[in-house]
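Per-entry structural report
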Amino acid sequence: FCGRFDKKKNILKTIEAFYNISDEFRNYELLVISNVPKKIKLKFDHPQIKFREFVYDNEKFEIISKSRYLLLFTENENYGVIIQESLMCSTPVIISKNTPWSFINNNYGFVSNTTNLVDIQKTLKSALSIDENVYNSFLINIKKLIPSLNSEKFIKSLDYIFNSK
């Protein structure tokens, strides 16, 4: 996860879900880049869960590009620029259906139908258990998608979204 600590982003549920399944997936760690309160960091002190303060620009893109997935189990999202940034870095995403990125499912990552803890855990388990060939198909599909994410039409739609009143 990379973003501000906000209840609607479900960072706490994301951390708890990963914490609950971490013993099954010892080869993975969760990196949370956010302003997470210290009491939450202490509650989920675990060798597979890492916390970092915000990073920007090249450092952020380098971290995203080296990640297996970017997670965003938000309650709602107007756009979700971080999802676009992840895809532009060729990193599959695991998101909730409460974003305008619902076309992601089965092509560029995973979409959770709800944001309850059990569904988040199931989605994470599915994502971390997939066959390497399926994961590689995500990467191939993302590479084909990148030109449309960087197109003039797409950029104009972003300008409209962010500058409309």
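Scroll up to find the structure this text is about.
What follows covers the packing of helix H3 (residues 57-66) against helix H4 (residues 81-88). It is at 9 Å that the axes of H3 and H4 come closest, and there the two elements cross at 65°. Considered as vectors, H3 and H4 are oriented roughly perpendicular to each other. Between H3 and H4 lies a crossing whose hand is right-handed. Contacts from Lys60, Phe61 and Ile64 in H3 reach Ile82, Glu85 and Ser86 in H4. Classifying every residue of the contact of H3 with H4 gives 3 nonpolar, 1 polar and 2 charged.

We now examine the nonpolar core. With 47 residues, the main nonpolar core has Tyr69, Leu87 and Leu124 as its most contacted residues. Top element by residues in this core is helix H6 (residues 132-149). It accounts for 6 residues. Apart from the residues lying within four places of it in its own chain, the contact partners of Tyr69 are Thr91, Pro92, Val93, Ile94, Phe110, Ala127, Leu128, Ile130, Tyr135 and Phe138.

Attention shifts here to the pattern of salt bridges. Pairing of side chains with opposite charge becomes possible as their charged atoms draw close. With the rule as written, the count across this model stands at 10 salt bridges. Of the charged contacts, one joins Glu77 and Lys9 as a salt bridge, the two residues approaching to 3.0 Å between their closest N and O atoms. Of the two residues, Glu77 is situated in the loop between strand E3 (70-72) and H4 and Lys9 in the segment before helix H1 (11-21); the sequence distance between them amounts to 68 residues. No difference in accessibility class separates Glu77 from Lys9, as the two residues are buried.

This next bit is on H4. Burial within H4 is extensive, with 6 of its 8 residues counted as buried. Taken together, the buried positions of H4 are Ile82, Ile83, Gln84, Glu85, Ser86 and Leu87. Following H4 by one or two positions, Ser90 has its phi on the positive side, about 60°.

This part is about the side chain of Ser86. With respect to the element layout, Ser86 can be found in helix H4. Excluding residues that lie within four positions of it along the chain, Ser86 makes contacts with Ile64, Leu70, Thr91, Pro92 and Val93.

This part covers the environment of Cys89. By the secondary structure assignment, Cys89 is in the loop between H4 and strand E4 (93-96). For Cys89, a relative accessible area of 17% puts it in the buried group. Taking the C-alpha atoms as reference points, Cys89 and Asn116, separated by 27 residues in sequence, lie 28 Å from one another. Residues within four places of Cys89 in sequence aside, it is in contact with Phe61, Ile64 and Ser65.

What counts, and where the lines are drawn
- Numbers given for residues are sequential positions, taken from 1 along each chain in its written order.
- Per-residue local features are limited, in this predicted model, to residues with pLDDT of at least 70; the limit for side-chain atom pairs, both in listing and counting, is 80 or more; totals at the level of whole chains, interfaces and linings are taken over all residues.
- Excluded from the side-chain calculation are hydrogens and water; included are all heavy atoms of the structure.
- Axis definition: a line fitted to C-alpha atoms, over the contacting stretch in the case of helices. Angles run 0 to 180 degrees between N-to-C directions.
- Strands here mean DSSP runs of E at least two residues long; helices mean DSSP runs of H or I at least four residues long; both are numbered from the N terminus.
- Angles below 35 degrees are treated as roughly parallel, those above 145 as roughly antiparallel, those between 65 and 115 as roughly perpendicular, and all remaining angles as oblique.
- Two helices that cross are described as forming a left-handed crossing if the nearer one is turned anticlockwise from the farther one by less than a right angle, and a right-handed crossing if clockwise.
- Note on contacts: a residue pair is in contact if any heavy atoms of the two residues lie within 4.5 Å.
- Gly counts as polar in this scheme, as do all residues outside two lists: the nonpolar Ala, Val, Leu, Ile, Met, Phe, Trp, Tyr, Cys and Pro, and the charged Asp, Glu, Lys and Arg.
- Nonpolar cores are built from buried Ala, Val, Leu, Ile, Met, Phe, Trp, Tyr and Cys residues. Side-chain atoms within 4.5 Å join them into one set.
- Think of it in three bands: residues with accessible area under 20% of the maximum for their type are buried, residues over 50% are exposed, and the middle band is partly exposed, with areas taken using a 1.4 Å probe on protein chains only.
- The salt bridge definition used is simple: a Lys or Arg side-chain nitrogen within 4 Å of an Asp or Glu carboxyl oxygen.

What is shown is where atoms sit, not what they do.
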